[in-house]
Amino acid sequence: MQISMDDLELQCWDCKGTGKVESDEGRVPCDKCNGTGVVLTALGQTLLAFMQKHLNHGGL
Ligand SMILES: [Zn+2]
């Protein structure tokens, strides 16, 4: 099974991948992606949860 980055994360649609959005106070970090410019897909979230679970147990 091959997984590409596009399967794990997508460009944020709120900030168009810039991580910043225009607001009344100017450009601020995007809420949707926490300023990263990308949002995790369901697969990405699953993989991250899996990694964290095993990292927390010292399994990896
Ligand atoms: Zn964003």
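The protein is annotated in an unreviewed UniProt entry as Tryptophan RNA-binding attenuation protein of Alicyclobacillus fastidiosus.

Caption draft 1: Region of interest: unusual backbone geometry. Look at Lys16: it is not a glycine, yet its phi comes out positive at around 60 degrees. By the secondary structure assignment, Lys16 is in the loop between strand E1 (9-11) and strand E2 (20-23). Positive phi outside glycine occurs at Asn34, with the angle close to 55 degrees. Structurally, the position occupied by Asn34 is in the loop between strand E3 (26-29) and strand E4 (38-40).

Caption draft 2: Fine view of the coordination of the zinc ion. Protein coordination at the zinc ion comes from Cys12 (SG), Cys15 (SG), Cys30 (SG) and Cys33 (SG), with a distance range of 2.2 to 2.3 Å. Geometry at the zinc ion is tetrahedral, judged from its four donor atoms and the angles of 103 to 115 degrees they form at the metal. For the zinc ion, all donor residues lie on one chain, and their spacing in sequence is C-x2-C-x14-C-x2-C. Of this pair, Cys15 sits in the loop between E1 and E2 while Cys33 sits in the loop between E3 and E4, and the two are 18 residues apart along the sequence. Here Cys15 matches Cys33 in class, with each residue buried.

About the cut-offs
Residues numbered from 1 in each chain as written. Predicted model: local features only at pLDDT ≥ 70, side-chain atom pairs only at ≥ 80, totals over all residues. Heavy atoms only, no water. Helix = DSSP H or I, 4+ residues; strand = E, 2+ residues; numbered from the N terminus. Donors = N, O, S within 2.8 Å, 3.2 Å for Na, K, Ca; no water. Tetrahedral: all angles 85-135°; square planar, octahedral: opposite > 155°, others 65-115°. Buried < 20%, exposed > 50% of the residue type's maximum accessible area, 1.4 Å probe, protein only.

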